[in-house]
Amino acid sequence: MAGLVRKSFTSPEEIRPFQGDKGRMELLELGGGTVGRATFEPGWRWSDHVKPIAGTDSCQASHAAYVISGRMHVVMDDGEEAEFGPGDCMICPPGHDAWVLGDTPCVMVDWQGATNYAKG
C-alpha cells in the first residue's frame, strides 16, 4: 500500500494552455489517475479555443467535475443543455460544446476528463 501523497496546483506537473490565451488546464498525476484544474477565461468557448487542439467536431472528453467559480453553459450534440456554477458537480459525457457565461473566469476541478483534454 502506498503512503500519503501531497501535491498542489500551485506547482502543477503540466500546464496545457488554450488557444487565444483564454485559459489553461493544470494537471496533477495522483497515481490512480490525473486530476485537472481548468481555468476558462471570459470569452472562452470550446469550439473556438480547444477544438483546434483536439481536432474533433465536439468535445469528446467525459467530465466529472466540481465548479469552484464562474459559470459555464454546456450544450450536448443532441441539443440537451445545462448551466453550471459555483458549488455544482457536473457529469458531462462526450459530445458537447461549452462556453463561459459572464465576466468571471470559470474554474473547475475535473477528475475524469483531464488526461487528454487540450492535448495536441
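The chain is annotated in an unreviewed UniProt entry as Cupin domain-containing protein from Streptomyces hesseae.

K.L.:
Is there a simple way to think about the side chain of His73 in this case?
P.N.:
Following the sequence through the fold, His73 ends up in strand S5 (residues 71–76). In this structure His73 comes out as buried when scored by relative accessible area, which is 14%. Here Glu81 takes part through its side chain, which lies 2.6 Å from a polar atom of the side chain of His73. Not counting the four nearest positions on each side in its chain, His73 is found in contact with Glu81, Ala82, Glu83, Asp97, Ala98, Trp99 and Leu101.

K.L.:
Even after reading the chapter, I still don't get the environment of Gly85, so can you show me in this structure?
P.N.:
You can see Gly85 is positioned in the loop between strand S6 (81–84) and strand S7 (89–92). The exposure class assigned to Gly85 is buried, which follows from its relative accessible area of 1%. For the pair Gly85 and Val67, spaced 18 residues apart in sequence, the C-alpha separation works out to 5.9 Å. Discounting chain neighbours no more than four positions away, the residues touching Gly85 are Val67, Gly70 and Arg71.

K.L.:
Help me understand the pattern of salt bridges, please; the structure alone is not making it clear to me.
P.N.:
In a structure, side chains of opposite charge can pair up when their charged atoms sit close to one another. Inspection of the entire model under this criterion finds 6 salt bridges. For Lys7, the salt bridge is made with Glu13, and the minimal N-O distance between the two is 2.6 Å. According to the relative accessible area criterion, Glu13 is partly exposed, its value standing at 46%. For Glu26, the salt bridge goes to Arg24, with nearest N and O atoms at 3.6 Å. It is possible to trace a salt-bridge network through shared partners that takes in Arg24, Glu26 and Arg37.

K.L.:
Just to check I follow, could you spell out the packing of aromatic side chains for this structure?
P.N.:
To describe a pair of aromatic rings, one takes the distance between the centres and the angle between the planes. Enumeration over the complete set of coordinates arrives at 4 aromatic pairs. Taking 5.4 Å as the distance between ring centres and 15° as the angle between the ring planes, the aromatic pair formed by Phe18 and Phe40 counts as stacked. Separated by 22 residues along the polypeptide, Phe18 in the loop between strand S1 (14–17) and strand S2 (23–29) and Phe40 in strand S3 (residues 34–40) bring together distant segments of the chain. Each of the two residues, Phe18 as well as Phe40, counts as buried. Measuring from ring centre to ring centre gives 6.0 Å for Phe18 and Tyr117, while their planes differ by 80°; the resulting arrangement is edge-to-face. One end of the pair, Phe18, is in the loop between S1 and S2; the other, Tyr117, is in the segment after strand S9 (106–110), and 99 residues separate them in sequence. What links up through ring pairs into an aromatic cluster is the set Phe18, Phe40, Trp44 and Tyr117.

What counts, and where the lines are drawn
Residues numbered from 1 in each chain as written. Predicted model: local features only at pLDDT ≥ 70, side-chain atom pairs only at ≥ 80, totals over all residues. Heavy atoms only, no water. Helix = DSSP H or I, 4+ residues; strand = E, 2+ residues; numbered from the N terminus. Buried < 20%, exposed > 50% of the residue type's maximum accessible area, 1.4 Å probe, protein only. Polar contact = N/O pair within 3.5 Å; in protein donor to acceptor, adjacent residues only side chain to side chain. Contact = heavy atoms within 4.5 Å. Salt bridge = Lys/Arg side-chain N within 4 Å of Asp/Glu carboxyl O. Phe/Tyr/Trp six-rings, centres within 6.5 Å; stacked < 30°, edge-to-face > 60°.

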